[in-house]
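# Results of the structural survey
As a plain string of letters, each chain reads:
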Amino acid sequence: MRHHWVLFAGTFVALALGVALIGVSAAALASTWEVDRPATSGPSVTLTDGSGAARTLASGELDLGGVQSVLAMAGVISAFVTLFVIAGTCAFGIALRRRDMGLLRLVGAGPGQVRRMVLAESLVVAVPAALLGALAAVPAAPVVIEALNGTGLAPVELRPGPLLWPLVFAVGAGLTLAVLGVVAASRRAAAVRPSEALREADLDTRAMTAGRTVTGVLLAVAGVVMVRLAPDAGAEAATPLALFGTMVLAVAATVLGPLYLAPLLRLLALPLRVLDPVAGRMAAAALGTSRRRTASLVGPVLAVVAVVGVFTTVLSTTGTATAADDRARTAAQLVVEPAPGQDGLTPAQLAALRADPRVAAVSAPAALEVAVAGPDSVWKDQAAVADPVALTRTHRVTVDGGTVGPLRPGTVAVSREFADWYGKKPGSEVTYGLFGGRPVTARVATVLDGGSVVPHLLLPQGADAGTATAPERAYVLLRPEAAADATALAAELTARTAADPVRVTPADRWFADRSTAGDRLNRLVLLVLTGPASLYALIAVAGTLVMAYSHRGREISGMKLTGVSAGQIRRMALWEALGTTLAGVALAAAAVAFGAGSYRRALPVFGGEAELSVPWGLLGSLAGACVLVAVTVSLAAAGRLLRAAGVASLTSRQ
């Protein structure tokens, strides 16, 4: 370890930063559990589920599920990138020490002894690295939680809670990841033959073992199957299939890297033979012959761009598809909202809209929260007091069962999703409860398919609906003769209601404004999800390059002795850095395009297909950062070796 301290320093830094990243994510998630909740959150209702168990739910409970889901996903990304980087770092370190392993085997060390030595080395590095990472998370966690408050993702201000258990979890996770990362490397180390001590090109021997080939092929097949199943799995099941299928493909591409990267990079380097004959040829030869080193340099870039790319693209595409579906299903030309400072639209305002002779229909669902009893549980669900007849006129909603008509007391309409999840159809019974009221058993009158336009439950006006909130907006369908001048009519209606003000907006403009606000929220979520993991991966890219150049002193010195100039060696380092980084970005882009494209086909959009939404700015910045880090570190490392190069280095111990 003293002799190869550079290699172990890379693993140490990667693990320490990974533990700090996991610790901060765990601390932020734990802070959501420490939020003070009022003893009595609001009116309650007691329902009896199908098993006969009575369950009581209260309204107004603080909902932190959204921010908790974001933080949990950020933790998953952090853990995956950490495991990927540590496993790659350990494997690369073993590859760089194959001659040493061969010498140990030559003097009588058995495979078991070599394996135990590698595991012991990893633990000696992992324990202090995990503790240091936990210490680094202590001052970082409050800063991150404060920054999270600034995004507005949490409905209440979060406060850092006790850090003991989040840090214990982070240390345990870090040690587990270290052991998992070194297991495969220890097996490879134990398989080194004594003859390796006599070889010079130790990175090129047995780059692809049978086990590695089989593992890579199985991972590739599993990833392809998961992604191909996504389009027919439905929107909810398609999400994990696309995400994890793409991640598995990224792992498979890294495992199989020594098999295909060399010919691929040699092909891509053909223009360099003309543009820069000496440096270009040396770079192509280095990338093509040192296959394991090349795969190790491509791996971190491939991992971070693929993981960040698929998560951000899936999230962005989901939001875009939902907005497109809502817009496609909205037949109304105007959207009416209360003036600033008002809680909702009043009955008088809605009556005035309906009385206008140019208006064909007005739909104004009034949202409310209800408790619903199922076969073995009771849950909260979103409902609305709405007229199905008006809703089907202002929106493009299809009827999946029953007939559309005014809802009478004791009847409800349900969405197709609700009907599919809970096995409801026209004539079925639904037991729900209004908070502060009594349970109601109603018959399903109709099943409506309208995407997010249709709430899970539509309730009739009257006692069954209790006290619903005032409608937040109304959708106005104009008569054909007035629809052509919707913009002017919107301005006229706004001016006419000055005494009882409302805000009337053409539907196209209203959806465009809402899309802008949604894009801002998406950017904040993407920053929380991918920012820390991306920074960590960039540091890992730099660490891998430092490890690679720590064993290239003899190579650089040999080039100088044969007459290669310092400028040509620096350009060789530049072309190598650009080649490996751009190869990683290209492979990641292919995996993301495959996974996200399959996911897009699973999203329903009325009258068309969902568009793939790619956060080009974020991914372009990440790719550019990878290139910048790789080029900077490579040139700095090559410059250091050039300054130290000489005849003495040819015989020095490396």
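Note that the structure is a prediction, hence the values are computed from the model and not measured. (Residues numbered from 1 in each chain as written. Predicted model: local features only at pLDDT ≥ 70, side-chain atom pairs only at ≥ 80, totals over all residues. Heavy atoms only, no water.)

Scanning the chain from terminus to terminus reveals 21 helices and 15 strands. Put simply, the chain has 654 residues, and 50% of those count as buried. Looking at the chain alone, contacts between residues at least 24 apart form 82% of all its contacts between residues at least 6 apart. For the chain, the computed accessible surface area is about 29100 Å², with 63% contributed by carbon and sulfur atoms. (Helix = DSSP H or I, 4+ residues; strand = E, 2+ residues; numbered from the N terminus. Buried < 20%, exposed > 50% of the residue type's maximum accessible area, 1.4 Å probe, protein only. Contact = heavy atoms within 4.5 Å. Areas by Shrake-Rupley, 256 points an atom, 1.4 Å probe, with all protein chains shown as cover.)

Okay, the pattern of salt bridges next. Pairing between side chains becomes possible if they bear opposite charge and their charged atoms approach one another. Across all of its chains, the model carries 12 salt bridges by this definition. Residue R358 pairs with D356 through a salt bridge whose shortest N-O separation is 3.1 Å. On the accessibility criterion, R358 (24% relative accessible area) is partly exposed. Salt-bridge contacts for R600 lead to E609; the nearest nitrogen and oxygen are separated by 3.2 Å. The structure contains a network of salt bridges with shared partners spanning D325, R329, R416, D420 and D449. (Salt bridge = Lys/Arg side-chain N within 4 Å of Asp/Glu carboxyl O.)

A few words on the packing of helix α8 (residues 257-268) against helix α10 (residues 277-289). In contact at an axis separation of 8 Å, α8 and α10 are set at 165 degrees when each is read in the N-to-C sense. In this view, α8 runs roughly antiparallel relative to α10, as classed from their interaxial angle. Where α8 crosses over α10, the two elements pack in a sense that is left-handed. Along the contact surface, α8 presents A262, L265 and R266, while α10 presents A284, L287 and G288. (Axes fitted to C-alpha atoms, helices over the stretch in contact; angles between N-to-C directions. Parallel < 35°, antiparallel > 145°, perpendicular 65-115°, else oblique. Left-handed = near helix turned anticlockwise from the far one by under 90°.)

Quick look at helix α1 (residues 5-33) now. With 29 residues, α1 should cover 42 Å at 1.5 Å per step; its first-to-last C-alpha distance of 41 Å lies within 8% of that length. The buried fraction of α1 amounts to 22 of the 29 residues, a majority that puts the element mostly inside the structure. (Expected span 1.5 Å × (residues − 1).)

Let's shift gears to the sheet that holds strand β4 (residues 359-363). Hydrogen bonds between backbone groups are what pair the strands of a sheet, and the pairing can be parallel or antiparallel. Spatially, β4-β12-β3-β13 is the arrangement adopted by the 4 strands of the open sheet, whose pairing is antiparallel. Edge positions in the sheet fall to β4 and β13 (502-506), since each of these pairs with one other strand and no more. Sheet twist, expressed as the average angle between the axes of neighbouring strands with direction ignored, equals 25 degrees. On top of the sheet, helix α12 (residues 347-355) reaches β3 (334-338), β4, β12 (474-478) and β13; it is set at about 155 degrees to β4, its chief contact. Where helix α16 (residues 486-496) meets the sheet, it contacts β3, β12 and β13, and its direction lies at approximately 175 degrees from that of β13. (Pairing = 2+ DSSP bridges.)

Okay, the nonpolar core next. Note that soluble globular proteins tend to have their nonpolar side chains buried in a common cluster. If you look at the biggest cluster of nonpolar residues, it comprises 87 residues, and the most contacted ones within it are L15, V81, V304, V305, F311, Y536 and C626. Among the elements that line this core, the one with the most residues is helix α11 (residues 291-329), at 15 residues. Once you skip the residues sitting within four places of it in the chain, V304 turns out to touch G309, A533, S534, A537, L622 and C626. In terms of nonpolar packing, the next biggest core, distinct from the first, is built from 20 residues, V385, V412, V440 and L459 among them. (Core = buried A, V, L, I, M, F, W, Y, C linked by side-chain atoms within 4.5 Å.)

Glancing now at the confidence of the model for the chain. On average, residues of the chain carry a pLDDT of 82, and 88% of them reach 70 or more. Contacts for the low-pLDDT stretch residues 647-654, under 50 throughout, to residues beyond four places or in other chains number 14 contacts. (pLDDT = per-residue confidence, 0-100.)

Turning our attention to a nonpolar patch on the surface. A surface patch of nonpolar side chains, about 310 Å² in accessible area, is lined by V13, L17, L535 and I539. Those elements giving two or more residues to the nonpolar patch turn out to be α1 and α17 (507-549). Among the secondary structure elements, I539 is positioned in helix α17. The exposure class assigned to I539 is partly exposed, which follows from its relative accessible area of 35%. (Patch = residues over 30% accessible without salt bridge, like charges linked within 9 Å, V, L, I, M, F, W, Y side chains within 5 Å.)

Right, let's get into a positive patch on the surface. A cluster of basic residues, K560, R570, R640 and R643, forms a positive patch at the surface. On the secondary structure map, R643 appears in helix α20 (residues 616-644). (Lys, Arg positive; Asp, Glu negative; His and termini not counted. Charge placed at Lys NZ, Arg CZ, Asp CG, Glu CD.)

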